[in-house]
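Residue strings, one per chain:
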Amino acid sequence: MKILVTVKEVATVEDEFDIDGTAIADQYLGADLNEWDDYAIEEAVQLQEDGVADEVVTVTIGPEDCEQTIRQALAKGADRAIRVWDDSLEGVDLLDVGAKTDILRAVVEEEDPDLVLSGVQSGDDSFGATGVSLAADLGLQWGAVVNDLEHDFEDGTASVRRELEGGVEELTNIELPAVLTIQTGINEPRYASLRGIRQAQRKELDVQSLADLGVDEGVVEGDLTLTGMFEPETESDVTVFEGGADNTAGQLADLLREKGVAP
């Protein structure tokens, strides 16, 4: 079995920051592996360690700068990585779900995996739609927000537990090939060992353009436009009681009665 894991480098933001136009100013930004994708990588590597998967491949849409982040996945056990980038992607403020789907579909068709794992969402755009959109476009079975995955895969079927609204969970059998979006908490992502980090530098990282994948450059011209970015206003209505407990307890009781919380 081959497993393909979609991996994304996401921006991290300092607690205090400034917004420059439609973006956060660069000096306040860092970069890291998307949290949800980290759990997807761990699940794939565990499947390989359990003898279910023969190969784990990651795919990333991103510039050369993100290669160090990609190698985090290789250091944790993925066998090889694919990075898709093209001059037409330079300067795109917001790569929408449709564009990502077209690009990832081409990679899936080329790699022909038995299972595609994707994080439920990314920590920056937070659309939470790419995995399901990819499955629909490929005509594959899918399961979203998977928080438990059996590792036996009897009769070519994945047995998954999905997280629904209101704390409800659903048990589902999904025929392979399939796309599963992985929720945080499904496992405990490992730290990359020193040996793994050294090995990651020698593992294959294949860079492909849109032309290499047979994808038209026009896909990057999505229907979404980033029109603005701002910090939402916050309203603070806090009462601070000063003094000892003997003095403040009565004040708190009066306030609770005023608000209708206490009789």
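Residues numbered from 1 in each chain as written. Predicted model: local features only at pLDDT ≥ 70, side-chain atom pairs only at ≥ 80, totals over all residues. Heavy atoms only, no water.

K.L.:
Honestly, the overall build of the protein in this entry has me stumped. Any pointers?
P.N.:
Looking only at helices and strands, the protein has seven helices and 13 strands in total. Taking the principal axes of the C-alpha coordinates as reference, the protein spans close to 70 × 45 × 40 Å. Within the protein, the proportion of its 263 residues that are buried is 42%. Excluding contacts between residues fewer than 6 apart, the proportion of contacts in the protein whose partners are at least 24 apart in sequence is 70%. Surface summary for the protein: the accessible area is close to 14700 Å², and the carbon and sulfur share equals 43%. When the 17 basic and 61 acidic side-chain charges of the protein are each reduced to a single mean position, those positions are 7 Å apart. (Helix = DSSP H or I, 4+ residues; strand = E, 2+ residues; numbered from the N terminus. Buried < 20%, exposed > 50% of the residue type's maximum accessible area, 1.4 Å probe, protein only. Contact = heavy atoms within 4.5 Å. Areas by Shrake-Rupley, 256 points an atom, 1.4 Å probe, with all protein chains shown as cover. Lys, Arg positive; Asp, Glu negative; His and termini not counted. Charge placed at Lys NZ, Arg CZ, Asp CG, Glu CD.)

K.L.:
How should I be thinking about the packing of helix H3 (residues 97-111) against helix H4 (residues 130-138) in this particular structure?
P.N.:
Helices that pack against each other are described as a pair by the angle of their axes relative to one another and the distance between those axes. Axis separation between H3 and H4 bottoms out at 9 Å; the angle between their running directions is 55°. Here H3 lies oblique to H4, going by the angle between them. For H3 against H4, the interelement crossing comes out right-handed. For the pair formed by H3 and H4, the contact residues are Val-97, Lys-100, Thr-101, Asp-102, Leu-104, Arg-105, Val-108 and Glu-109 on the first element and Thr-130, Ser-133, Leu-134, Asp-137 and Leu-138 on the second. Grouping the constituent residues of the contact of H3 with H4 by class yields five nonpolar, three polar and five charged. (Axes fitted to C-alpha atoms, helices over the stretch in contact; angles between N-to-C directions. Parallel < 35°, antiparallel > 145°, perpendicular 65-115°, else oblique. Left-handed = near helix turned anticlockwise from the far one by under 90°. Nonpolar A, V, L, I, M, F, W, Y, C, P; charged D, E, K, R; others polar.)

K.L.:
Would you explain H4 in this entry?
P.N.:
Because each turn of an α-helix spans 3.6 residues, side chains separated by three or four positions end up pointing in the same direction. Within H4, the full set of buried residues consists of Thr-130, Gly-131, Leu-134 and Ala-135. Around the axis of H4, the buried residues are gathered within 135° of arc, so they sit on the same side. Where H4 ends, the next residue or the one after it, Gly-139, has phi of about 75°, a positive value. (Arc of directions from axis to C-beta.)

K.L.:
Looking at this model, I keep getting lost on the pattern of salt bridges. Mind explaining?
P.N.:
Side chains bearing opposite charge may pair, as long as their charged atoms lie close to each other. Per the counting criterion, the structure on display carries 15 salt bridges. With its nearest N and O atoms 3.0 Å apart, the salt bridge here joins Asp-124 to Lys-8. Remark: Lys-8 occurs in the loop between strand E1 (2-6) and strand E2 (9-13) and Asp-124 occurs in the loop between strand E8 (115-119) and H4; sequence separation between them is 116 residues. In this structure, Arg-80 and Glu-111 form a salt bridge, with 2.6 Å as the shortest nitrogen-oxygen distance. Here Glu-111 lies in helix H3 and Arg-80 lies in strand E7 (residues 80-84), a separation of 31 residues in the sequence. (Salt bridge = Lys/Arg side-chain N within 4 Å of Asp/Glu carboxyl O.)

K.L.:
Just checking my understanding: could you explain the sheet that holds strand E6 (residues 55-61) for this structure?
P.N.:
Across a sheet, strands are paired by hydrogen bonds formed along the backbone, either parallel or antiparallel in direction. With respect to topology, nine strands assemble into an open sheet ordered E11-E10-E9-E12-E8-E1-E6-E7-E13, the strand pairing being mixed. Two strands lie at the open edges of the sheet, namely strand E11 (169-175) and strand E13 (205-208), each paired on one side alone. Here the average twist between neighbouring strands, direction ignored, is 30°. Judged from the four bridges that link them, E7 and E13 form a sheet pairing that is parallel. Note on E13: the bridge partner recorded for Arg-83 is Val-207. (Pairing = 2+ DSSP bridges.)

K.L.:
Just to check I follow, could you spell out the side chain of Thr-248 for this structure?
P.N.:
Checked against the element boundaries, Thr-248 lands in helix H7 (residues 245-258). Residue Thr-248 is classed as buried on the basis of its relative accessible area, which comes to 15%. Contact partners of Thr-248, with chain neighbours within four places excluded, come to Phe-241, Glu-242 and Gly-243.

K.L.:
Even after reading the chapter, I still don't get H3, so can you show me in this structure?
P.N.:
Given a rise of 1.5 Å per residue, 15 residues ought to cover 21 Å, and the 21 Å separating the end C-alpha atoms of H3 matches this to within 8%. All of the buried residues along H3 are Val-97, Ala-99, Lys-100, Thr-101, Ile-103, Leu-104, Ala-106, Val-107, Val-108 and Glu-111. Buried residues along H3 sit in contact with E1, E6, E7, E8, H4 and helix H6 (210-213). (Expected span 1.5 Å × (residues − 1).)

K.L.:
Is there a simple way to explain the environment of Leu-33 in this structure?
P.N.:
By the element assignment, Leu-33 lies in strand E5 (residues 29-33). We classify Leu-33 as buried; its relative accessible area is 7%. Measuring from C-alpha to C-alpha, the distance between Leu-33 and Ala-73 comes to 8.4 Å, with 40 residues separating the pair along the chain. Aside from chain neighbours lying at most four places away, what touches Leu-33 is Val-7, Lys-8, Val-10, Asp-38, Ile-41, Thr-69 and Gln-72.

K.L.:
So what exactly am I meant to see when it comes to unusual backbone geometry here?
P.N.:
Glycine aside, residues mostly have negative phi, and peptide bonds are mostly found in the trans state. With an omega of 0°, the peptide bond between Leu-176 and Pro-177 qualifies as cis. Residue position: Pro-177 is located in the loop between E11 and strand E12 (178-182). Positioned with a positive phi, Asp-155 is a non-glycine residue whose angle comes to about 55°. Its location among the elements puts Asp-155 in the loop between strand E9 (141-149) and strand E10 (157-163). Look at Asp-155 and you get exposed, because its relative accessible area is 78%.

Interpretation in functional terms is not warranted from these geometric data alone.
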